[in-house]
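Geometric and topological summary
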Amino acid sequence: MVVVAATESFAPPNSASYSSRIWASAAGAYFNDSYLIGNGRLGATVPGAAASDVIRVNEDSLWSGGRLHRVNPDAQSSLPQIQSLLTQGRAPEAARAASFGYTGTPVSTRHYEPLGDLQLVMNHSSSVTGYERWLDLNDATAGVYYINSGVAYKREYLISSPENVMAIRIVANKTGSVSFNVAMRKGQSLNRWEDYSSKVGSDTIVIGGESEGQNGIAWSSGVRVVATGGKVYAIGNYVLCDNADEAWIYFTSWTSFRRSSPKAAVISDLSNIHQSYTDLRTAHVADYQKFASRVSLNLGISSPAQKSLTTAKRLAALSSGLFDPELATLYFQFGRYLLIASSRAGTLPPNLQGIWSQELDPQWGSKYTININLQMNYWPSLVTNLVDLTSPLYDLIDTMYHSPTNAAKDMYNVRGFMAHHNTDLWGDTAPQDNYAASTFWPGGAAWLVTHIMEHYRFTGDKTLLEEKFDVLKDSALFFVDFLSDYKGWKVTNPTLSCENTYILPSGTSAAITLGATLDNSLLWELFGIVLEAQDILSRDDAQFTAQITKLRAQLPPLRVNSVGGIMEWIEDYKETDPGHRHFSHLFGLFPGSEITNSNATTFNAAKASLERRMSNGSGSTGWSRAWAILLSGRTFMPEMVHSNLVQLMYNYTYFNSMLDTGPPAAFQIDGNFGGTAAIAEALLQSHETIVATNSRNNSTLLQAASTGVLKKAFLIRILPALPIEWSRNGGGSVFGLLARGGFQVDIAWSSSGSLTTANITSNEGNDVYVTLGSAVIGSTNATKIAVKGSLSGGFVLLKTKKGGKYTVTLA
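Residues numbered from 1 in each chain as written. Predicted model: local features only at pLDDT ≥ 70, side-chain atom pairs only at ≥ 80, totals over all residues. Heavy atoms only, no water.

In terms of regular secondary structure, the protein is built from 20 helices and 36 strands. Radius of gyration (C-alpha) of the protein: 27 Å, near the 28 Å computed for a compact globule of 811 residues. Looking at the protein as a whole, 63% of its 811 residues are labelled buried. Pairs at least 24 residues apart make up 70% of the contacts formed inside the protein by residues separated by at least 6 positions. Just so you have it, the protein exposes about 27,700 Å², and 49% of that area is on carbon and sulfur atoms. A gap of 4 Å separates the mean positions of the 62 positive and 67 negative side-chain charges of the protein. (Helix = DSSP H or I, 4+ residues; strand = E, 2+ residues; numbered from the N terminus. Rg over C-alpha atoms; globule rule 2.2 N^0.38 Å. Buried < 20%, exposed > 50% of the residue type's maximum accessible area, 1.4 Å probe, protein only. Contact = heavy atoms within 4.5 Å. Areas by Shrake-Rupley, 256 points an atom, 1.4 Å probe, with all protein chains shown as cover. Lys, Arg positive; Asp, Glu negative; His and termini not counted. Charge placed at Lys NZ, Arg CZ, Asp CG, Glu CD.)

In C-alpha cells:
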C-alpha cells in the first residue's frame, strides 16, 4: 500500500463549497446527529468524534429470533361474533371481542437488533481545532478533519457493496502520527450479549453471539487493521496501531440468516482484503454513482450567505421564510442516497429506521410497518430512477406469501394471501400488537402487492409480473372469499382506517369498523390491477375475471361527507382527531389513481379533506408531512407543495443529519423517502391514462381511463404542481426521472416557472399522451405544447419508437 501522507493536501476541507455535502463543525452528540453509511446489508452510524468515535453498526438480518407462528387459535371461532357485532353497529363490543380472539399469540413479530458498537479511540487528546465532518452524496463517503497539537488528521468512512465491508482510512500530515485502538462490543452497558471474543492473527478481532429469542439468529462481527509504518498488534479485545503513517480499518459482519458459519465468513472476508484502499474506494464510488448519477435536480441557486453555513444552520434559517433551493436539492438527493445505502439486490428492505438502529428494544420494533411506512420507503424508487433497488421489497412479499403461517387460511378459513399491518424478516402475517386503531386491519399485503404492477408500469418488465402474478391473484382471492354483505355492498369486516378513530352517535369513540374507504379504494385498485395483469400475460380465467369484476362494482363508492370531504368510514362519522396524521381515505388520490380531476366531485372532495386535515394540524410527523406534499401535488396545489416541503425540512428534520424525525424513535426514515418522492411528483406525474374515441364528426375525443381498463395510454404531465419558489432563483431543471409507460423525462423551466424544454426518451416504444400542467383530460383549455417532428396541442399523442427521443416546448 502507498504512503499518501507526504503528498496529499491537508488544507481544511471547506465543505461549504461542496453542494453535495451535509456537513457540520462539531461531532454528533446523539445517535440521530450522526451520518449514515451503508451498502444495503451493513450499516454504520458515524458521529465523527475526534478522539473517541463510537460507531453504531448493524447487519440487516440480525433480528430478535427465529420464525414465529402467531395466529390466534381462537381466531376462526371468534370472527363470526366480531363481524356480527359490527353489522349491528356495536363497535365497542366488537373491539373487545377482537382484543381477545383476533390478536396474535404472542402479540408481536420479531424486532430488529443492533450489532453493537465499533469503538475507535485515537491516541491523542480531545482538544482539537479546525474540526469539520461531512457526508458527501456525490461519492457516498463520510469524513472528518481536525488539527490536534499542530498535526492535521483526516478520516474517511465508507461501506463498500462490491467488497461487502466497511472501510475507514486514517491519515495525518506528520509521519508516524497515526496511533489508535479499536474494539467492538454488543451492548452499551456491562451487559454485552456476546458469546465469544477472540483474536485472529495479530491484526484482527472477532466477536459473536446469538439474538435473544428462541431459535435465535447467530451473528459474528470482525475488525482488522492494516497500516503503513508503525506497528499493528492485537491484545485481548483490542487491535492497536502505533505510530503509523496511514492506517485502514476494515469491518464486516454476517449472520446465520445468510451464512451457516458467520464467524468463518467474517474471518474469510477480512483476511481476503488484498487490494489497496484506493482501489476499494474507486470500486465503491463507481458502484454508488451508477445509481446516484441517474437523476440531477436544480431548483435554483442559493445565495453565497446561505451556502457558507453548516447544514444545521441552513435548515434553521428556513424559519426566516427565505427559500434555500440548493438545500432542498440536497434533501432530495439525500433520500435517494438513503435508498441506495439501505436497499440492494439480495438484502432485506429498509425498515422503520432503514438499517440503522442502536436500541436492543427499538421503538415499534424497528420492523416493517405495512400500513404506510414500508410502502413509502419505496415511493421514490421508480420515479427517481432507482428501479434496480426494488427487489428486496418483492423478495419480502415472496417471503410473506410462502410463509408456513398462512393467515388467510389459519385465521379466516378462506383462500388466498393476506397480511395485517406489520411483518418481519420471516414474513410474519398475523396481527401485530393489541391496539384497537391498528391491529384489526386485513389490507397490508393488498397494499404491498400494488407495487408489483407499478414496477411493470414504469419498466415494462413482463418477467417480474409473470413471476409475481400468483401473488397478485391470491391477494385478490382472499377478498373474494372474505368480503361480506352490508347494506347492499360488499365490505371488509372487520377493518379500520389505519390508526384513526371516529365518534359513535353515543359519543364514545371507536376504531374497528367495516367497509372503510381505505379498503374500498385499495380493493378497487387491486382488482383492477389483476384484470390488467391477466390481459398483459394472456392469463385466461373467465370465472375469476367475472368474480372480481362483479365484486369491484359492489364495493362502496367514494362518497362526500357532511363537511365536503371524502367520507372515511362506512357511515358519516366524525373523526376523533380532525388533524390525524394518516390520510388513509385519500389512498385513491395517492398512491392510488382512483381520484383525479376528471371527476370533479371526488377530486374536489379529496382536496377539501386534505385542506381540512392540514388546517387541523395533520402532517405532524415527517412521513405524514411527506404524504401531504404528495397529495398536494396530485391536487395541483403548488403553494401547498412548497409550504409543506419547508415544514418537512424545518420541523420534521434533524438539523445536524437531515434525518427525518420520529419521536419517540431516534428517527424514522420513511419521511426522507416520502419527501424525495414528493418533490418528483410536483415536477412529473404519469398515473393517469387516456382512451381515445371518434366522435360523429370524426374528431378524436379523449377520455380519462382508469385502473382495470385494458386498452389505454398513459398521460405524462409535465410540471403539474411547480411552486414559483422553485423557479425564481434562476429557473430549474430535472434530468432522469421515470414515467409510467416506460419513459425517461428531462425537464427545464425558466425563472418565471414556464417550460423551457422537456426531452422524453422512450424505453419501451409505447404510445403516450403529453400535456403541460393540470388541465382536465379532454379539455380545450390546456396549455399548448409542440413536439418536434410531431403535432402540437394541449394533449399530444406520441407514437414512440423504442429508444426514440422527443422534444417538447411551448407552442
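From this point, the narrative continues.
What follows concerns the nonpolar core. If you look at the biggest cluster of nonpolar residues, it comprises 230 residues, and the most contacted ones within it are I37, L118, M166, F180, W627, I718 and W726. Residues contacting W627, with those up to four places away along its chain left out, are I372, M376, W379, W447, H582, F583, S584 and F590. Grouped together as the second largest cluster of nonpolar side chains are 14 residues, L158, A265, L270 and I273 included. (Core = buried A, V, L, I, M, F, W, Y, C linked by side-chain atoms within 4.5 Å.)

Moving on, we come to the sheet that holds strand β3 (residues 42–46). What the seven strands build is an open sheet, ordered β2-β3-β4-β5-β10-β15-β14; its pairing is antiparallel. For this open sheet the edge positions go to β2 (35–38) and β14 (231–235), each flanked by a neighbour on one side alone. Each neighbouring strand pair of the sheet contributes to a mean axis angle of 20 degrees, computed without reference to strand direction. Both strand β5 (residues 116–122) and strand β10 (residues 178–185) contribute to a ladder of six bridges, which runs antiparallel. (Pairing = 2+ DSSP bridges. Axes fitted to C-alpha atoms, helices over the stretch in contact; angles between N-to-C directions.)

Spanning 16 residues, helix α12 (residues 444–459) covers 24 Å between terminal C-alpha atoms, matching the ideal 22 Å at 1.5 Å per step. For α12, a buried count of 16 out of 16 residues is recorded, marking the element as mostly surrounded by other parts of the structure. (Expected span 1.5 Å × (residues − 1).)

Here we take up the environment of V200. Considering the arrangement of structural elements, one finds V200 in strand β11 (residues 196–200). Between the C-alpha atom of V200 and that of V691, which follows or precedes it by 491 residues, the distance is 67 Å. With residues up to four places along the chain from it excluded, the contact list for V200 reads V206 and I267.

Moving on to empty space enclosed by the protein. Across all of its chains, the model carries three cavities of 30 Å³ or more by this definition. The computed volume of the largest cavity comes to approximately 190 Å³. Lining the largest cavity are 18 residues, with N561, V563, I566, E575 and R612 sitting closest to its centre. Counting residues per element, the ones that place at least two in the lining of the largest cavity are β24 (574–575) and α17 (600–615). Split by residue class, the lining of the largest cavity holds seven nonpolar, five polar and six charged. Size it by volume and the second largest cavity reaches roughly 90 Å³. Secondary-structure elements contributing two or more residues to the lining of the second largest cavity are β2, β8 (151–160), α4 (277–292) and α7 (325–342). (1 Å grid on protein atoms, 1.4 Å probe; cavity = no way out; pocket = protein on both sides within 12 Å on 5 of 7 lines; lining within 4 Å. Points joined across faces, edges and corners; volume = space filled by probe spheres on them. Nonpolar A, V, L, I, M, F, W, Y, C, P; charged D, E, K, R; others polar.)

The next point concerns the layout of surface pockets. In this structure, the largest pocket spans a volume of roughly 670 Å³. Lining of the largest pocket is provided by 48 residues; of these, P591, G592, S593, H687 and R740 occupy positions nearest its centre. Counting residues per element, the lining of the largest pocket draws most heavily on α12, which supplies six residues. Tallied by class, the residues present in the lining of the largest pocket amount to 22 nonpolar, 16 polar and ten charged.

Turning our eyes to something else, we now look at the side chain of D660. Position of D660 relative to the elements: it lies in the loop between α19 (638–651) and α20 (670–683). Despite its burial, D660 pairs with no opposite charge; the closest candidate is R625, at 9.4 Å N-O. Looking at D660, its side chain comes within polar contact range of the main-chain nitrogen of G671, at 3.4 Å. (Salt bridge = Lys/Arg side-chain N within 4 Å of Asp/Glu carboxyl O. Polar contact = N/O pair within 3.5 Å; in protein donor to acceptor, adjacent residues only side chain to side chain.)

Now for the sheet that holds strand β16 (residues 246–255). The strand order across the open sheet formed by nine strands is β1-β6-β7-β8-β9-β16-β13-β12-β11, and the pairing between neighbours is antiparallel. For this open sheet the edge positions go to β1 (21–24) and β11, each flanked by a neighbour on one side alone. Taking each pair of neighbouring strands and ignoring which way they run, the sheet shows an average axis angle of 15 degrees.

Side chains of residues three or four places apart in an α-helix project in the same direction, reflecting 3.6 residues per turn. The end-to-end C-alpha distance of helix α18 (residues 622–634), which contains 13 residues, comes to 19 Å, matching closely the 18 Å that a straight helix rising 1.5 Å per residue would cover. Counting buried positions along α18 gives 13 out of 13 residues, so the element sits mostly inside the fold. Phi for F636, located one or two positions after α18, is positive at around 60 degrees.

What follows covers unusual backbone geometry. In this chain, N493 is followed by P494 through a cis amide linkage whose omega measures 5 degrees. As for its placement among the helices and strands, P494 is situated in the loop between β21 (489–491) and β22 (502–503). The peptide bond linking F590 to P591 adopts the cis configuration, its omega dihedral lying at 10 degrees. The topology assignment puts P591 in the loop between β24 and α17. Backbone geometry places L719, a non-glycine residue, at a positive phi of 50 degrees. For L719, a relative accessible area of 9% gives the class buried.

What follows concerns the packing of helix α14 (residues 469–482) against helix α15 (residues 517–536). Where α14 meets α15, the axes come as close as 10 Å, and the angle between the chain directions of the two elements is 140 degrees. Taken together, the axes of α14 and α15 are oblique relative to one another. Crossing geometry of α14 relative to α15 is assigned as left-handed. Of the residues in α15, those in contact with F469, L472, K473, S475, A476 and F479 of α14 are L523, L526, F527, I529, V530, A533 and Q534. Here the contact of α14 with α15 is built from residues that sort into ten nonpolar, two polar and one charged. (Parallel < 35°, antiparallel > 145°, perpendicular 65-115°, else oblique. Left-handed = near helix turned anticlockwise from the far one by under 90°.)

What follows is about the pairing of strand β9 (residues 165–172). A large share of β9 lies buried, amounting to eight of its eight residues. Judged by which residues are buried, β9 turns out to be covered on both faces: V165, A167, R169 and V171 on one side and M166, I168, I170 and A172 on the other are all buried. Relative to β9, β8 runs antiparallel, the two being bridged by eight bridges. Its bridge partner lying in β9, Y157 is registered against I168. Sheet topology note: the β9/β16 ladder contains six bridges and is antiparallel. Bridged to I168 within β16 is I249.

Viewed as axis vectors pointing N to C, α17 and α18 meet at an angle of 150 degrees, and their least axial separation amounts to 11 Å. Seen from above, α17 lies across α18 with left-handed handedness. Within the contact between the two elements, α17 uses F603, L610 and M614 and α18 uses R625, A628, L631, S632 and R634. Considering only residue class, the contact of α17 with α18 consists of five nonpolar, one polar and two charged.

Right, let's get into the pattern of salt bridges. One pass over the structure, following the stated rule, counts 39 salt bridges. The partner of R56 in a salt bridge is D117, and the shortest N-O contact between them spans 2.8 Å. Remark: D117 occurs in strand β5 and R56 occurs in strand β4 (residues 52–59); sequence separation between them is 61 residues. This pair shows no difference in class: R56 is buried, exactly as D117 is. Here E454 and R457 are joined by a salt bridge, their closest N and O atoms 3.0 Å apart.

Turning to the pairing of strand β29 (residues 732–739), a few remarks are in order. Burial analysis of β29 places seven of its eight residues in the buried class, the great majority of the element. Sheet analysis places strand β17 (residues 296–298) next to β29, joined by three bridges and oriented antiparallel. Following the sheet pairing, L297 is matched in β29 by V734. Hairpin geometry of β29 and strand β30 (residues 743–749) is characterised by an intervening segment of three residues between the two adjacent antiparallel strands and by a positive phi of about 95 degrees at G741.

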